[in-house]
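Letter by letter, the chains look like this.
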Amino acid sequence: MNRASLALAVLLGCGLGANALATQDQAVSQTLVTGKSLDKAAAKQSITSVGLQAINDAAAAAVIGALDTQFQDRDIQFKLGVVDSSRASLRDIALDGRGLIRLDGASAWMPIRFQALYDSDTQTVGSPSITFVAQHTPSDLDTKVAGQLDSLVNRKLAAEFPAQPVAFDLSEVSVVGGDTHYAVVQGDGIADFAAEGKSDVAVQGIYDRIAHRWVQVEYQLGGERQDLEAVIATR
């Protein structure tokens, strides 16, 4: 963990007892993030018992770990909001939560939404999918900056699909949140896989207005923006 673990300590320092673990699978180049509750009394408890605290602990740890892998070398503060839970199976609980994050002490807290599964046997939450939630009416993004985003997504797609040709065209993009330091940007476009066909792509990223560079860009194939939110699958 990088400095984001400090934010976790602030969040969980009042005895919530959770830790975040990230492991790198070299075979598939994917970062798997797990948040675990350390409350032994909560093992195999129901949603309506002390297991609720274990769920929140593990969810917070997993989100911090996932954000840490996306925003390396940056200070991340995270506030856990409401977490809705529903039974997905005898063992798993589906989580749909809200929270706020702040990068490098910026003035604005950026709202996020996360979804994940909680394993009630191991008291862990696997890699969550994270959404940056729109904060205001979309506004235009500088044309040059939009071109950089298009190029970044092109390179990411080429790296993910090295054995086949792919070209990305960013059709729409706008600023939907952030502050004078960071801009929350989202858009959509088309990935053209030549003979394999085309796919819609939902894109979301964080742009540093001061350093003039992208600090995070993610995309989802087959995705369409819904309610100005684009799901970021942590890979």
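Residues numbered from 1 in each chain as written. Predicted model: local features only at pLDDT ≥ 70, side-chain atom pairs only at ≥ 80, totals over all residues. Heavy atoms only, no water.

It is worth spelling out the overall build of the protein at this point. Scanning the protein for helices and strands turns up three helices and 12 strands. Within the protein, the fraction of its 235 residues that count as buried is 45%. Restricting to contacts in the protein with at least 6 residues of sequence separation, those with at least 24 account for 54%. Summed over all atoms, the accessible surface of the protein reaches about 11,400 Å², with 51% contributed by carbon and sulfur. (Helix = DSSP H or I, 4+ residues; strand = E, 2+ residues; numbered from the N terminus. Buried < 20%, exposed > 50% of the residue type's maximum accessible area, 1.4 Å probe, protein only. Contact = heavy atoms within 4.5 Å. Areas by Shrake-Rupley, 256 points an atom, 1.4 Å probe, with all protein chains shown as cover.)

Residue aspartate 104 is not a glycine yet carries a positive backbone phi of 50°. As for its position among the elements, aspartate 104 is in the loop between strand 4 (92–103) and strand 5 (110–119). Given the relative accessible area of 32%, aspartate 104 is considered partly exposed.

In spatial order, the strands read 8-9-10-11; together these four strands make up an open sheet with antiparallel pairing. Looking at the sheet topology across the chains shown, the edges are occupied by strand 8 (167–178) and strand 11 (213–221). Taking the axes of each pair of neighbouring strands and ignoring which way they run, one obtains an average angle of 20° across the sheet. Where strand 9 (residues 182–192) lies against strand 10 (residues 198–208), 11 bridges are found, and the strand directions are antiparallel. (Pairing = 2+ DSSP bridges. Axes fitted to C-alpha atoms, helices over the stretch in contact; angles between N-to-C directions.)

This next bit is on the confidence of the model for the protein. For the protein, the average pLDDT comes to 78, and 73% of its residues sit at 70 or higher. Per-element averaging of pLDDT across the protein places strand 1 (residues 18–25) at the bottom with 33 and helix 3 (residues 143–160) at the top with 96. With pLDDT under 50 throughout, residues 1–35 is counted as low confidence; its partners more than four residues away or in other chains account for 86 contacts. Every residue in residues 226–235 is under pLDDT 50, and counting partners more than four places away or in other chains gives 39 contacts. (pLDDT = per-residue confidence, 0-100.)

Our focus in this paragraph is helix 2 (residues 51–70). Residues lying three or four places apart along an α-helix face the same way, a consequence of the helix completing one turn every 3.6 residues. Here helix 2 is 20 residues long and its end C-alpha atoms lie 29 Å apart, about the 28 Å a rise of 1.5 Å per residue gives. The element helix 2 is largely enclosed, with a buried count of 16 among its 20 residues. (Expected span 1.5 Å × (residues − 1).)

The subject of this paragraph is the pattern of salt bridges. Summed over all chains, the structure comprises five salt bridges. Of the charged contacts in the structure, one is a salt bridge between arginine 91 and aspartate 121, with a shortest N-O distance of 3.6 Å. You can see arginine 91 sitting in the loop between strand 3 (76–87) and strand 4 and its partner aspartate 121 sitting in the loop between strand 5 and strand 6 (124–125), a full 30 residues away along the chain. For the salt bridge of aspartate 96 with arginine 113, the shortest nitrogen-to-oxygen distance reads 2.7 Å. Taken together, the positions of aspartate 96 in strand 4 and arginine 113 in strand 5 put the pair 17 residues apart, joining distant regions of the chain. When its relative accessible area of 23% is taken as the criterion, arginine 113 is described as partly exposed. (Salt bridge = Lys/Arg side-chain N within 4 Å of Asp/Glu carboxyl O.)

Our next topic: the packing of aromatic side chains. Applying the stated rule across the entire model yields three aromatic pairs. Where phenylalanine 161 meets phenylalanine 193, the ring centres are 5.1 Å apart and the plane angle is 80°; that geometry is what we call edge-to-face. Of this pair, phenylalanine 161 sits in the loop between helix 3 and strand 8 while phenylalanine 193 sits in the loop between strand 9 and strand 10, and the two are 32 residues apart along the sequence. Looking at phenylalanine 193, the relative accessible area reads 10%, which means it is buried. Sitting over the face of the ring of tryptophan 109, lysine 79 holds its NZ or CZ atom 4.3 Å from the ring centroid. (Phe/Tyr/Trp six-rings, centres within 6.5 Å; stacked < 30°, edge-to-face > 60°. Lys NZ or Arg CZ within 6 Å of the ring centre and 35° of its normal.)

Residue position: alanine 134 is located in the loop between strand 7 (129–132) and helix 3. Through-space distance from the C-alpha of alanine 134 to that of valine 184 is 7.8 Å; in sequence the pair is 50 residues apart.

All right, on to the nonpolar core then. In globular proteins that are soluble, nonpolar side chains generally tend to be buried together. Residues Phe71, Leu95, Ile101, Leu103, Tyr118, Phe132 and Ile206 are the most contacted members of the largest nonpolar core, which totals 32 residues. Elements with a contribution of two residues or more to this core: helix 2, strand 3, strand 4, strand 5, strand 7 and strand 9. Among the elements that make up this core, the one with the highest residue count is helix 2 (10 residues). Sequence-distant contacts of leucine 103, that is, excluding residues within four places in its chain, are made with Phe71, Asp75, Ile76, Met110, Tyr182 and Ile206. Among the nonpolar cores identified, the runner-up in size contains 20 residues, and Val153, Val175, Ala183 and Ala191 belong to it. (Core = buried A, V, L, I, M, F, W, Y, C linked by side-chain atoms within 4.5 Å.)

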